[in-house]
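# Per-entry structural report
The residues making up each chain are set out below.
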Number of protein chains: 2
Amino acid sequence: MISPAQAPLYEIKANLFKALAHPARIRILELLAAAPDTTAPVSFLLSETGLEASHLSQHLATLRRHKVVTSVRSANAVTYRLANPKIAELLAIARMFLLDTLADSSEQLRLAQELPGAHLTGQSS
Amino acid sequence: MISPAQAPLYEIKANLFKALAHPARIRILELLAAAPDTTAPVSFLLSETGLEASHLSQHLATLRRHKVVTSVRSANAVTYRLANPKIAELLAIARMFLLDTLADSSEQLRLAQELPGAHLTGQSS
DNA sequence: TAGTGGTATGATAAATTCATCATTCCATCA
DNA sequence: TGATGGAATGATGAATTTATCATACCACTA
(Lines give C-alpha, C1' and ligand atoms only; values in the text may rest on other atoms or scores of the structure.)
Protein backbone atom coordinates (compact mmCIF):
# COMPACT_ATOMS: atom_id res chain seq x y z
CA MET A 1 0.00 0.00 0.00
CA ILE A 2 1.56 3.18 -1.27
CA SER A 3 0.18 6.62 -0.36
CA PRO A 4 -0.96 9.10 -2.98
CA ALA A 5 1.15 12.25 -2.74
CA GLN A 6 -1.72 14.39 -1.47
CA ALA A 7 -2.55 12.09 1.46
CA PRO A 8 -2.08 13.60 4.92
CA LEU A 9 1.50 13.39 6.10
CA TYR A 10 0.66 11.19 9.09
CA GLU A 11 -0.72 8.58 6.73
CA ILE A 12 2.32 8.69 4.44
CA LYS A 13 4.51 8.44 7.51
CA ALA A 14 2.61 5.40 8.75
CA ASN A 15 3.19 3.72 5.39
CA LEU A 16 6.89 4.43 5.59
CA PHE A 17 7.07 2.69 8.96
CA LYS A 18 5.01 -0.15 7.54
CA ALA A 19 7.64 -0.58 4.87
CA LEU A 20 10.28 -0.97 7.57
CA ALA A 21 8.18 -3.23 9.77
CA HIS A 22 9.61 -6.62 8.88
CA PRO A 23 12.69 -8.39 10.22
CA ALA A 24 13.96 -9.33 6.78
CA ARG A 25 13.65 -5.77 5.53
CA ILE A 26 15.44 -4.43 8.58
CA ARG A 27 18.33 -6.81 7.92
CA ILE A 28 18.51 -5.77 4.31
CA LEU A 29 18.59 -2.10 5.24
CA GLU A 30 21.23 -2.64 7.88
CA LEU A 31 23.40 -4.51 5.43
CA LEU A 32 23.09 -1.63 2.99
CA ALA A 33 23.72 0.96 5.71
CA ALA A 34 26.93 -0.83 6.67
CA ALA A 35 28.14 -1.37 3.12
CA PRO A 36 30.51 1.04 1.35
CA ASP A 37 28.51 3.82 -0.30
CA THR A 38 25.40 2.12 1.18
CA THR A 39 25.44 -0.05 -1.92
CA ALA A 40 25.38 -3.81 -2.37
CA PRO A 41 24.52 -6.32 -5.08
CA VAL A 42 21.60 -8.69 -4.69
CA SER A 43 24.00 -11.63 -4.61
CA PHE A 44 25.61 -10.19 -1.47
CA LEU A 45 22.26 -9.64 0.24
CA LEU A 46 21.29 -13.13 -0.75
CA SER A 47 24.27 -14.79 0.87
CA GLU A 48 24.26 -12.59 3.98
CA THR A 49 20.58 -13.01 4.79
CA GLY A 50 20.23 -16.63 3.72
CA LEU A 51 16.79 -15.84 2.30
CA GLU A 52 15.39 -17.63 -0.70
CA ALA A 53 15.87 -15.54 -3.84
CA SER A 54 12.21 -14.91 -4.48
CA HIS A 55 11.58 -13.88 -0.89
CA LEU A 56 14.47 -11.46 -0.89
CA SER A 57 13.24 -10.03 -4.15
CA GLN A 58 9.76 -9.50 -2.73
CA HIS A 59 11.14 -7.54 0.19
CA LEU A 60 13.35 -5.52 -2.11
CA ALA A 61 10.28 -4.74 -4.19
CA THR A 62 8.39 -3.31 -1.21
CA LEU A 63 11.41 -1.22 -0.24
CA ARG A 64 11.58 0.08 -3.81
CA ARG A 65 7.87 0.89 -3.92
CA HIS A 66 8.29 3.07 -0.87
CA LYS A 67 11.40 4.67 -2.33
CA VAL A 68 13.54 3.56 0.57
CA VAL A 69 16.08 2.00 -1.79
CA THR A 70 16.97 2.38 -5.44
CA SER A 71 18.28 -0.26 -7.80
CA VAL A 72 20.51 -0.28 -10.84
CA ARG A 73 21.18 -3.16 -13.18
CA SER A 74 24.63 -3.48 -14.68
CA ALA A 75 25.21 -6.38 -16.98
CA ASN A 76 23.84 -9.40 -15.31
CA ALA A 77 23.67 -8.17 -11.73
CA VAL A 78 21.45 -5.72 -9.83
CA THR A 79 22.79 -3.51 -7.07
CA TYR A 80 20.74 -1.76 -4.43
CA ARG A 81 21.47 1.39 -2.47
CA LEU A 82 19.78 3.33 0.30
CA ALA A 83 17.79 6.10 -1.36
CA ASN A 84 18.65 8.58 1.39
CA PRO A 85 21.06 8.64 4.33
CA LYS A 86 18.16 9.50 6.65
CA ILE A 87 17.11 5.86 6.45
CA ALA A 88 20.35 4.90 8.15
CA GLU A 89 19.69 7.56 10.79
CA LEU A 90 16.26 6.12 11.41
CA LEU A 91 17.77 2.71 12.04
CA ALA A 92 20.44 4.13 14.32
CA ILE A 93 17.93 6.01 16.46
CA ALA A 94 15.67 3.00 16.67
CA ARG A 95 18.61 1.00 17.93
CA MET A 96 19.39 3.60 20.59
CA PHE A 97 15.80 3.65 21.71
CA LEU A 98 15.71 -0.12 22.01
CA LEU A 99 18.96 -0.26 23.93
CA ASP A 100 17.59 2.31 26.38
CA THR A 101 14.39 0.35 26.74
CA LEU A 102 16.04 -3.03 27.14
CA ALA A 103 18.49 -1.59 29.68
CA ASP A 104 15.58 -0.22 31.70
CA SER A 105 13.73 -3.48 31.76
CA SER A 106 16.71 -5.59 32.73
CA GLU A 107 17.35 -3.05 35.48
CA GLN A 108 13.77 -3.56 36.62
CA LEU A 109 14.35 -7.28 36.58
CA ARG A 110 17.56 -6.99 38.56
CA LEU A 111 15.92 -4.84 41.23
CA ALA A 112 13.00 -7.18 41.50
CA GLN A 113 15.29 -10.15 42.05
CA GLU A 114 17.62 -8.39 44.44
CA LEU A 115 14.97 -7.17 46.85
CA PRO A 116 12.08 -9.56 46.49
CA GLY A 117 8.89 -7.97 47.75
CA ALA A 118 10.59 -4.75 48.86
CA HIS A 119 8.40 -2.71 46.59
CA LEU A 120 5.41 -3.76 48.65
CA THR A 121 6.66 -2.52 52.00
CA GLY A 122 6.86 1.21 51.44
CA GLN A 123 10.50 1.16 52.66
CA SER A 124 12.69 3.14 50.27
CA SER A 125 16.02 1.63 51.30
CA MET B 1 3.19 -9.08 18.90
CA ILE B 2 5.86 -8.19 21.43
CA SER B 3 9.41 -9.54 21.15
CA PRO B 4 11.04 -11.55 23.91
CA ALA B 5 14.11 -9.72 25.20
CA GLN B 6 16.53 -12.31 23.80
CA ALA B 7 15.20 -12.07 20.24
CA PRO B 8 17.66 -10.79 17.63
CA LEU B 9 17.79 -7.02 17.52
CA TYR B 10 16.58 -6.80 13.94
CA GLU B 11 13.39 -8.57 14.94
CA ILE B 12 12.82 -6.31 17.93
CA LYS B 13 13.46 -3.34 15.70
CA ALA B 14 10.92 -4.56 13.16
CA ASN B 15 8.35 -4.82 15.92
CA LEU B 16 9.07 -1.29 17.03
CA PHE B 17 8.39 -0.02 13.52
CA LYS B 18 5.25 -2.16 13.42
CA ALA B 19 4.06 -0.36 16.54
CA LEU B 20 4.43 2.95 14.71
CA ALA B 21 2.92 1.73 11.46
CA HIS B 22 -0.59 3.12 11.71
CA PRO B 23 -1.89 6.61 10.89
CA ALA B 24 -3.82 6.91 14.14
CA ARG B 25 -0.78 5.98 16.20
CA ILE B 26 1.38 8.45 14.31
CA ARG B 27 -1.11 11.19 15.08
CA ILE B 28 -1.17 10.26 18.73
CA LEU B 29 2.61 10.31 18.94
CA GLU B 30 2.85 13.63 17.14
CA LEU B 31 0.33 15.17 19.50
CA LEU B 32 2.38 13.94 22.45
CA ALA B 33 5.64 15.11 20.88
CA ALA B 34 4.19 18.58 20.45
CA ALA B 35 2.62 18.77 23.91
CA PRO B 36 4.39 20.34 26.91
CA ASP B 37 6.58 17.75 28.61
CA THR B 38 5.43 15.35 25.87
CA THR B 39 2.43 14.68 28.08
CA ALA B 40 -1.30 14.79 27.43
CA PRO B 41 -4.49 13.38 28.95
CA VAL B 42 -6.62 10.89 27.05
CA SER B 43 -9.41 13.44 26.89
CA PHE B 44 -7.15 15.75 24.89
CA LEU B 45 -6.09 13.00 22.48
CA LEU B 46 -9.73 12.06 22.12
CA SER B 47 -10.85 15.51 21.06
CA GLU B 48 -7.84 16.21 18.83
CA THR B 49 -7.97 12.97 16.90
CA GLY B 50 -11.73 12.60 16.74
CA LEU B 51 -11.36 8.85 17.22
CA GLU B 52 -13.94 6.81 19.06
CA ALA B 53 -12.86 6.20 22.64
CA SER B 54 -12.42 2.45 22.31
CA HIS B 55 -10.38 2.79 19.14
CA LEU B 56 -8.10 5.35 20.70
CA SER B 57 -7.67 3.08 23.67
CA GLN B 58 -6.74 0.14 21.45
CA HIS B 59 -4.01 2.16 19.80
CA LEU B 60 -2.77 3.44 23.13
CA ALA B 61 -2.60 -0.14 24.33
CA THR B 62 -0.33 -1.19 21.48
CA LEU B 63 1.92 1.82 22.08
CA ARG B 64 2.12 0.86 25.76
CA ARG B 65 2.88 -2.77 24.99
CA HIS B 66 5.85 -1.68 22.93
CA LYS B 67 6.93 0.76 25.64
CA VAL B 68 6.71 3.70 23.30
CA VAL B 69 4.52 5.58 25.76
CA THR B 70 3.81 5.38 29.48
CA SER B 71 0.58 6.17 31.29
CA VAL B 72 -0.38 7.41 34.73
CA ARG B 73 -3.83 7.55 36.22
CA SER B 74 -4.69 10.39 38.55
CA ALA B 75 -8.16 10.35 39.93
CA ASN B 76 -10.52 9.81 37.09
CA ALA B 77 -8.23 10.73 34.20
CA VAL B 78 -5.27 9.03 32.52
CA THR B 79 -2.36 10.94 31.06
CA TYR B 80 0.11 9.60 28.51
CA ARG B 81 3.68 10.60 27.80
CA LEU B 82 6.36 9.61 25.33
CA ALA B 83 8.52 7.01 27.03
CA ASN B 84 11.70 8.43 25.49
CA PRO B 85 12.61 11.57 23.52
CA LYS B 86 14.10 9.37 20.79
CA ILE B 87 10.59 8.61 19.63
CA ALA B 88 10.13 12.27 18.76
CA GLU B 89 13.46 12.18 16.90
CA LEU B 90 12.29 9.17 14.93
CA LEU B 91 9.19 11.05 13.83
CA ALA B 92 11.19 14.15 12.93
CA ILE B 93 13.63 12.20 10.77
CA ALA B 94 10.84 10.32 9.06
CA ARG B 95 9.27 13.67 8.20
CA MET B 96 12.54 14.95 6.74
CA PHE B 97 12.94 11.82 4.67
CA LEU B 98 9.42 12.12 3.31
CA LEU B 99 9.81 15.78 2.47
CA ASP B 100 13.00 14.96 0.56
CA THR B 101 11.26 12.15 -1.27
CA LEU B 102 8.14 14.11 -2.09
CA ALA B 103 10.22 17.05 -3.28
CA ASP B 104 12.15 14.75 -5.59
CA SER B 105 9.05 13.23 -7.10
CA SER B 106 7.30 16.54 -7.69
CA GLU B 107 10.51 17.72 -9.31
CA GLN B 108 10.37 14.66 -11.55
CA LEU B 109 6.79 15.50 -12.38
CA ARG B 110 7.63 19.12 -13.15
CA LEU B 111 10.46 18.15 -15.47
CA ALA B 112 8.32 15.61 -17.24
CA GLN B 113 5.62 18.21 -17.88
CA GLU B 114 7.99 20.97 -18.87
CA LEU B 115 9.83 19.00 -21.52
CA PRO B 116 7.46 16.31 -22.64
CA GLY B 117 9.33 13.46 -24.24
CA ALA B 118 12.73 15.12 -23.82
CA HIS B 119 13.97 12.23 -21.74
CA LEU B 120 13.57 9.99 -24.77
CA THR B 121 15.75 12.01 -27.11
CA GLY B 122 19.13 11.73 -25.47
CA GLN B 123 19.46 15.52 -25.49
CA SER B 124 20.69 16.78 -22.14
CA SER B 125 19.55 20.41 -22.47
C1' DT C 1 19.59 -20.96 -27.04
C1' DA C 2 21.09 -22.58 -22.66
C1' DG C 3 22.15 -20.70 -18.26
C1' DT C 4 22.42 -17.47 -14.46
C1' DG C 5 20.52 -13.79 -11.75
C1' DG C 6 16.39 -11.50 -10.49
C1' DT C 7 11.55 -10.47 -10.67
C1' DA C 8 6.36 -10.98 -10.99
C1' DT C 9 2.12 -13.60 -10.10
C1' DG C 10 -1.36 -16.07 -7.76
C1' DA C 11 -3.12 -19.06 -4.03
C1' DT C 12 -3.34 -19.91 0.82
C1' DA C 13 -2.25 -18.89 5.65
C1' DA C 14 -1.54 -15.53 9.27
C1' DA C 15 -1.68 -11.16 11.46
C1' DT C 16 -4.08 -6.44 11.98
C1' DT C 17 -7.79 -3.49 12.03
C1' DC C 18 -12.43 -2.20 12.77
C1' DA C 19 -16.81 -2.15 15.07
C1' DT C 20 -19.58 -3.23 18.88
C1' DC C 21 -20.53 -4.17 23.44
C1' DA C 22 -19.24 -5.24 28.20
C1' DT C 23 -16.39 -4.03 32.18
C1' DT C 24 -13.47 -1.48 35.48
C1' DC C 25 -12.19 2.52 38.03
C1' DC C 26 -13.15 6.35 40.61
C1' DA C 27 -15.70 10.58 42.09
C1' DT C 28 -19.98 12.33 43.70
C1' DC C 29 -24.26 12.58 45.77
C1' DA C 30 -28.57 10.86 47.60
C1' DT D 1 -22.84 3.02 51.68
C1' DG D 2 -24.41 2.10 47.63
C1' DA D 3 -26.35 4.04 43.26
C1' DT D 4 -25.17 6.88 39.37
C1' DG D 5 -22.35 8.61 35.75
C1' DG D 6 -18.17 9.89 33.30
C1' DA D 7 -13.63 8.26 31.71
C1' DA D 8 -11.04 4.81 29.96
C1' DT D 9 -10.03 -0.04 29.08
C1' DG D 10 -10.88 -4.96 27.60
C1' DA D 11 -12.83 -8.65 24.82
C1' DT D 12 -14.88 -10.56 20.77
C1' DG D 13 -15.81 -11.75 15.88
C1' DA D 14 -15.98 -10.08 11.12
C1' DA D 15 -13.43 -7.72 7.54
C1' DT D 16 -9.21 -6.28 5.49
C1' DT D 17 -4.18 -6.47 4.87
C1' DT D 18 0.07 -8.56 4.82
C1' DA D 19 3.14 -12.55 4.63
C1' DT D 20 4.54 -16.89 2.76
C1' DC D 21 5.26 -20.21 -0.63
C1' DA D 22 5.61 -22.32 -5.12
C1' DT D 23 6.05 -21.53 -9.71
C1' DA D 24 6.32 -19.07 -13.93
C1' DC D 25 8.60 -15.45 -16.10
C1' DC D 26 12.04 -11.82 -17.95
C1' DA D 27 16.79 -9.81 -18.92
C1' DC D 28 21.09 -10.41 -19.98
C1' DT D 29 25.52 -13.07 -21.11
C1' DA D 30 28.13 -16.63 -23.08
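Here's what I pulled together on the structure shown here. Since this is a predicted model, take the numbers as computed values, not measurements. (Residues numbered from 1 in each chain as written. Chains lettered and ligands numbered in written order. Predicted model: local features only at pLDDT ≥ 70, side-chain atom pairs only at ≥ 80, totals over all residues. Heavy atoms only, no water.)

### Digging into unusual backbone geometry
All names here are of chain B. The residue K67 is not glycine, and still its phi comes out positive at about 60°. Among the secondary structure elements, K67 is positioned in the loop between α4 (53-65) and β2 (69-74). With a phi angle near 55°, A75 is a residue other than glycine that sits in the positive phi range. Secondary-structure assignment places A75 in the loop between β2 and β3 (77-82). (Helix = DSSP H or I, 4+ residues; strand = E, 2+ residues; numbered from the N terminus.)

### Notes on the protein's contact with DNA strand D
Around DNA strand D there are 22 residues in total, and H22 and Q58 of chain A together with S54, Q58 and Y80 of chain B lie nearest to it. One of the backbone N or O atoms of S43 of chain B is found 3.4 Å from a phosphate oxygen in DNA strand D. Along the lines of polarity and charge, the residues of the surface near DNA strand D split into 7 nonpolar, 11 polar and 4 charged. (Near = heavy atom within 4 Å. Polar contact = N/O pair within 3.5 Å; in protein donor to acceptor, adjacent residues only side chain to side chain. Nonpolar A, V, L, I, M, F, W, Y, C, P; charged D, E, K, R; others polar.)

### Considerations on the sheet that holds β3 of chain B
Working definition: the strands of a sheet are paired by backbone hydrogen bonds and lie parallel or antiparallel to each other. Residues and elements named next belong to chain B. With respect to topology, 3 strands assemble into an open sheet ordered β1-β3-β2, the strand pairing being antiparallel. Taken across any chain shown, the strands that pair with only one partner, and hence form the sheet edges, are β1 (39-41) and β2. Within this sheet the neighbouring strands show an average axis-to-axis angle of 25°, counted without direction. Taken together, the 6 bridges between β2 and β3 define a ladder with antiparallel strand orientation. In the strand pairing of β3, V69 is matched with L82. Sitting on the sheet, helix α3 (residues 42-49) touches β1 and β3, and the angle it makes with β1 is about 80°. Sitting on the sheet, α4 is in contact with β2 and β3, with an inclination near 120° to β2. (Pairing = 2+ DSSP bridges. Axes fitted to C-alpha atoms, helices over the stretch in contact; angles between N-to-C directions. Contact = heavy atoms within 4.5 Å.)

### Considerations on the nonpolar core
The nonpolar side chains of a soluble globular protein tend to be buried, and buried together. The biggest cluster of nonpolar side chains holds 57 residues, and the ones touching the most others in it are F17, L29 and V68 of chain A together with F17, L29 and V68 of chain B. Dropping the residues within four chain positions of it, F17 of chain B is found in contact with F17, L20, A21, I26, L90, L91 and A94 of chain A. (Core = buried A, V, L, I, M, F, W, Y, C linked by side-chain atoms within 4.5 Å. Buried < 20%, exposed > 50% of the residue type's maximum accessible area, 1.4 Å probe, protein only.)

### Quick look at the packing of aromatic side chains
Using the criterion set out here, one finds 1 aromatic pair over all chains in the structure. The interplanar angle of 15° and the centroid separation of 5.8 Å between the aromatic rings of F17 of chain A and F17 of chain B together place this pair among those described as stacked. Residue F17 of chain A is found in helix α1 (residues 9-20), and its partner F17 of chain B is found in helix α1 (residues 9-20); the two belong to separate chains. Look at F17 of chain A and you get buried, because its relative accessible area is 0%. Between R27 of chain A and the ring centre of Y10 of chain B, over which it is positioned, the NZ or CZ distance is 4.9 Å. (Phe/Tyr/Trp six-rings, centres within 6.5 Å; stacked < 30°, edge-to-face > 60°. Lys NZ or Arg CZ within 6 Å of the ring centre and 35° of its normal.)

### Examining the packing of α1 of chain A against α1 of chain B
In contact at an axis separation of 8 Å, α1 of chain A and α1 of chain B are set at 160° when each is read in the N-to-C sense. Regarding the angle of α1 of chain A to α1 of chain B, the classification is roughly antiparallel. For the pair α1 of chain A and α1 of chain B, the sense of crossing is left-handed. The segment α1 of chain A lies against α1 of chain B, with A14, F17 and L20 of chain A engaging A14, F17 and L20 of chain B. (Parallel < 35°, antiparallel > 145°, perpendicular 65-115°, else oblique. Left-handed = near helix turned anticlockwise from the far one by under 90°.)

### Some thoughts on the interface of chain B and chain A
A common measure of how large an interface is: the accessible area buried when the components associate. Counting residues at the interface gives 33 residues for chain B and 33 residues for chain A. Between chain B and chain A the total buried area reaches about 3500 Å² when both faces are included, carbon and sulfur atoms providing 82% of it. Counting across the chain B and chain A interface gives 4 salt bridges. Summed over the shared surface of chain B and chain A, the result is 6 residue pairs in polar contact (both at pLDDT 80 or more). Of all elements in the fold, only α1, α2 (23-34) and α5 (85-114) of chain B reach the threshold of two or more residues within the side of chain B that touches chain A. A per-element tally of the side of chain B that touches chain A places α5 of chain B first, with 14 residues. Of the residues belonging to the side of chain B that touches chain A, the class tally is 20 nonpolar, 3 polar and 10 charged. (Buried area = accessible area lost by both parts, 1.4 Å probe. Salt bridge = Lys/Arg side-chain N within 4 Å of Asp/Glu carboxyl O.)

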